[in-house]
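# Structure assessment
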Amino acid sequence: MKKFTVTLLLGLLLCPLFQAVSSAADKTSDRRPNILFIMTDQQRWDCLGANGNKIIKTPNLDRLAKQSANFTHAFVQSPVCVPSRVSFFTGRYPHSHKNRVNYTPLAESEILMQARLKEAGYTTASIGKLHLFPPTVAEAKRSGFDIVELHDAVPYLDQFSDYVKWRNEHDPNKNLPYRAYVKRAKPGENPFRSLIEENYTDTAWVGQRTRHHLKELANDDKPFFLYSSFWKPHSPYEVPAPYDRMYNDVDIPLPKLTTLEDIKRLPLPLQKLILRGKKPLHDMNRKKLQWIYRSYYAAISQVDKEIGLILKTLEETGQADNTIIAFSSDHGDQLLKHGVMGKNVFFEESIRVPFIIGYPGHVRAGQYNELVETIDLLPTLFELANLPEPTENQGRSLAPLIADMGRKYLPREAVFSENIIPEVITRRLDFYFEKGKGIKGIRYPDAKMIRTKRWKYNYYPDGYSELYDLVKDPDEYHNLAGQADYSEVEAKMKEQLLHWMVTADAPDQIAPKWLAPE
């Protein structure tokens, strides 16, 4: 009788716990998968241990890549922030969504991923850099986000920054600019060491706020879409302790020196871009460049730490098995290769990005070498979540490639990118676009790129072009455009580029049926 009483008592005590666990499991199994989309800013595809970099320390992203589909040949549709991000969120090329220049408004007719997911019953949240214009919470919510904490990390936009408000309330050194770094470093020390403590950096803030909302969203009955967007490793290259010392003793391989003569052999639009400003950077001091590389690597390692904590929190919420995780970057960084600091060009360092998709029990983990475009993310997420593909989408779902979807995947033969070269930039420089004149003498600055497994062809409407054999010349130093021996290749690439331009907008241009009564 005593044994029976103890057993009964234990049963009564544990019953609520079992019911809670069972309820959570039922809640998870009954609803669509959550989506956690993590983005960095300006991270090259090769700055990830999982992608073959033996120097950089990214253990958490490496672990995620090992457990997920890791795409080694993913390309952005524009090598600049806003056009690229809008392509991610619409599944459409820049010439289609028409958001071609930073700090310009998106057409209200464009429907973004978060709005479609919200309509499908998701709670949607955005933490960190969003880069919509106007850069306000109201605009972010108009685009489809329910929960918004913004930080676009540009000083003249700080009035809209939730990070700046938070830091003013918590950081004892709040009077220091958040990009402040040491004025004079001792020999052997990082000259880009941040004056801000790690816990008060915007990288740490994005991680902290992402984890906070992850816990809140996991308790909801609705599935969630959480977009966690880090500013780093974007320049400037300040990095807090202890990360400032992480690569002090490492000599990271630098690109070969680009001379003025090298630059003048490039198409004129690229020359205008590279040589803009009072003091072009192509011949930067190599010692300074080495510290920039060290700080760039260190910033990625700091982001990796925050991503590791985010993934740990996801596990602790019990939602990891029912969450699709996507990781990518909006573009890369030349880091002075070909004389360019930043991006805006079609070289691999600018257009090729890390691209990882994971979904436990559904996505087959492994390395995938197929050519993919970042507009492929939206239809992939939607198919994995059993949502209909938007008619306006121009991407190609990768779900049949990485999961059992009951149909075959049709590989891409080529990927495309486009950009305004030279860039419109009018706050620090006078690179305005004038109707009938263009930008700085470049009448038609709308450049296009097509890349296959072997070839890359860049078309500049003012009569310039580039053709690179990526097998024989992976660093893209030898332009073959205009050479008789490659005229057939060039003509075929131009024909494919034209075909893409003509056909990409078919869903926008052709109505599916008559609207007249039958």
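Structure: above.
What comes next is a walk through the structure.

Moving on, we get to the packing of aromatic side chains. Within the structure shown, the criterion is met by 19 aromatic pairs. Between the aromatic rings of tyrosine 93 and tryptophan 500, the centroid separation amounts to 5.1 Å while the plane-to-plane angle is 80 degrees, which identifies the pairing as edge-to-face. Taken as a pair, tyrosine 93 in the loop between helix 3 (81–90) and helix 4 (94–97) and tryptophan 500 in helix 15 (residues 487–503) lie far apart in primary sequence, 407 residues in all. Tryptophan 500 shares its class with tyrosine 93; the two are buried. Consider the rings of tryptophan 166 and tyrosine 200, whose centres lie 6.2 Å apart with planes at 45 degrees: the pair is tilted. Of this pair, tryptophan 166 sits in helix 7 (residues 162–170) while tyrosine 200 sits in the loop between helix 7 and helix 8 (202–218); the two residues are 34 residues apart in sequence, bridging distant segments of the chain. Note on tryptophan 166: relative accessible area 16%, which makes it buried. Grouped by ring-pair contacts, the aromatic residues Phe37, Phe88, Phe89, Phe145, Phe225 and Tyr227 constitute a single cluster. For the cation-ring pair, lysine 57 lies above tyrosine 247, with the distance from its terminal atom to the ring centre recorded as 5.8 Å. Positioned over the ring face of tyrosine 156 is arginine 427, at 3.6 Å from the centre of the ring.

Empty space among the atoms becomes apparent when a probe as large as a water molecule is rolled across them. Counted as a void, the largest pocket has a volume near 1,400 Å³. For the largest pocket, the lining is made up of 43 residues, of which His234, Ser235, Arg276, Ile425 and Arg428 are closest to its centre. Put simply, the parts of the chain that give the lining of the largest pocket at least two residues each are helix 10 (268–274) and helix 11 (286–317). Looking at the lining of the largest pocket residue by residue, the class counts come to 23 nonpolar, 11 polar and nine charged. The computed volume of the second largest pocket comes to approximately 400 Å³.

This paragraph deals with the environment of aspartate 162. Among the secondary structure elements, aspartate 162 is positioned in helix 7. Considering only alpha carbons, one finds aspartate 162 and leucine 64, 98 residues apart in sequence, at a separation of 29 Å. What aspartate 162 contacts, discounting residues up to four positions off in sequence, is Val137, Val148, Glu149, Leu150 and Trp205. A polar contact of 2.7 Å, which involves the side chain of aspartate 162, links it to the backbone nitrogen of leucine 150.

Attention shifts here to the side chain of threonine 201. Relative to the helices and strands, threonine 201 resides in the loop between helix 7 and helix 8. Setting aside residues up to four positions removed in sequence, threonine 201 forms contacts with Tyr163, Ile196, Pro240 and Gln302.

Let us look at unusual backbone geometry. The omega angle of the peptide bond from phenylalanine 133 to proline 134 is 0 degrees, so this bond is cis rather than trans. The amide bond that connects serine 235 to the next residue, proline 236, takes the cis arrangement and shows omega of 0 degrees. Along the chain, proline 236 falls in the loop between strand 5 (224–233) and helix 9 (260–263). Backbone geometry places lysine 440, a non-glycine residue, at a positive phi of 50 degrees. Residue position: lysine 440 is located in the loop between strand 9 (415–420) and strand 10 (446–451).

What follows covers the pairing of strand 6 (residues 323–329). Among the seven residues in strand 6, seven count as buried, and that is most of the element. Burial along strand 6 is two-sided: the face carrying Thr323, Ile325, Phe327 and Ser329 and the face carrying Ile324, Ala326 and Ser328 are both buried. Relative to strand 6, strand 1 (residues 34–41) runs parallel, the two being bridged by seven bridges. Residue pairing across strands places threonine 40 opposite serine 329, the latter belonging to strand 6. Strand direction decides the pairing type here: strand 6 and strand 7 (residues 352–358), joined by four bridges, are antiparallel. Bridging from a neighbouring strand, phenylalanine 327 pairs with isoleucine 356 of strand 7.

In spatial order, the strands read 9-10-11-12; together these four strands make up an open sheet with antiparallel pairing. Only two strands of the sheet have a single neighbouring strand rather than two, namely strand 9 and strand 12 (464–469). For this sheet the average axis-to-axis angle between neighbouring strands, irrespective of direction, equals 10 degrees. The pairing of strand 9 with strand 10 spans six bridges and is antiparallel. In the sheet register, asparagine 419 faces strand 10, and the bridge partner there is alanine 447. Strand contacts of helix 15: strand 9, strand 10, strand 11 (455–460) and strand 12, with the helix running at about 65 degrees to strand 11, the strand carrying the most contacts.

Rules used throughout
Residues numbered from 1 in each chain as written. Predicted model: local features only at pLDDT ≥ 70, side-chain atom pairs only at ≥ 80, totals over all residues. Heavy atoms only, no water. Phe/Tyr/Trp six-rings, centres within 6.5 Å; stacked < 30°, edge-to-face > 60°. Helix = DSSP H or I, 4+ residues; strand = E, 2+ residues; numbered from the N terminus. Buried < 20%, exposed > 50% of the residue type's maximum accessible area, 1.4 Å probe, protein only. Lys NZ or Arg CZ within 6 Å of the ring centre and 35° of its normal. 1 Å grid on protein atoms, 1.4 Å probe; cavity = no way out; pocket = protein on both sides within 12 Å on 5 of 7 lines; lining within 4 Å. Points joined across faces, edges and corners; volume = space filled by probe spheres on them. Nonpolar A, V, L, I, M, F, W, Y, C, P; charged D, E, K, R; others polar. Contact = heavy atoms within 4.5 Å. Polar contact = N/O pair within 3.5 Å; in protein donor to acceptor, adjacent residues only side chain to side chain. Pairing = 2+ DSSP bridges. Axes fitted to C-alpha atoms, helices over the stretch in contact; angles between N-to-C directions.

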